[in-house]
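# Commentary on secondary and tertiary structure
Read off the chains here:
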Amino acid sequence: MDYIHLRDVEFYGYHGVLEAETTLGQRFRVTLKLAVDLKEAGQTDDLNKTVSYAEVYELTKEIVEGKPYKLIEAVAEKIAQTILSTFMNQVKGVQVEVIKPDPPIPGHYREVAVEITRGEGI
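Cut-off values and rules
Residues numbered from 1 in each chain as written. Predicted model: local features only at pLDDT ≥ 70, side-chain atom pairs only at ≥ 80, totals over all residues. Heavy atoms only, no water. Salt bridge = Lys/Arg side-chain N within 4 Å of Asp/Glu carboxyl O. Helix = DSSP H or I, 4+ residues; strand = E, 2+ residues; numbered from the N terminus. Buried < 20%, exposed > 50% of the residue type's maximum accessible area, 1.4 Å probe, protein only. Patch = residues over 30% accessible without salt bridge, like charges linked within 9 Å, V, L, I, M, F, W, Y side chains within 5 Å. Areas by Shrake-Rupley, 256 points an atom, 1.4 Å probe, with all protein chains shown as cover. Core = buried A, V, L, I, M, F, W, Y, C linked by side-chain atoms within 4.5 Å. Contact = heavy atoms within 4.5 Å.

## Some remarks on the pattern of salt bridges
Enumeration over the complete set of coordinates arrives at 8 salt bridges. The residue K100 makes a salt bridge to E21 at a minimum N-O spacing of 2.5 Å. Taken together, the residues K100 in strand β3 (residues 91-100) and E21 in helix α1 (residues 19-23) connect sequence positions 79 residues apart. Accessibility classification places K100 together with E21 in one group, the buried group. For R27, the salt bridge identified is with D102, shortest N-O distance 2.6 Å. Note that R27 is positioned in strand β2 (residues 26-36) and D102 in the loop between β3 and β4 (112-119), a separation of 75 residues in sequence. Taking the relative accessible area as the measure of exposure, R27 reaches 31% and is therefore partly exposed.

## So, a nonpolar patch on the surface
A cluster of nonpolar side chains, namely M1, Y3 and I122, defines an oily patch on the protein surface of about 260 Å² accessible area. Assignment of secondary structure puts M1 in the segment before β1 (2-13).

## With respect to the nonpolar core
V30, L32, L34, I79, I83, V96 and V98 are the most contacted members of the largest nonpolar core, which has 29 residues in total. Of all the secondary-structure elements, those providing two or more residues to this core are β1, β2, α3 (53-64), α4 (72-86), β3 and β4. With 7 residues, the single largest contributor to this core is α4. L32 has contacts with I4, H5, L6, V56, T60, I79, I83, Q95 and V96, leaving out every residue within four places of it along the chain.

Structure (structure tokens):
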């Protein structure tokens, strides 16, 4: 299987359980891995034979910057299901990592994140 990666794309959203998260918002980073057969695209140099990462970026942006969810698990699931349904003939599987680099919780850590895998080939 071949893969398309979008790594550490950044958005601003209002997801979370705490009031500060839904009022002030925060940064989110998303990393995506799409299982796609890229052989024909590589042989023909034809964009129609692959998945446009620009379109994947826009779909992801609409979700992360759109309707607030309480859980980043729900954000990740929405991203995965939207990619799989939008590109159902090309994307066989998807891995989505949603990262909160600055959650409003005490402690010392680099970030908190969830990662989900849906479909096949990942």
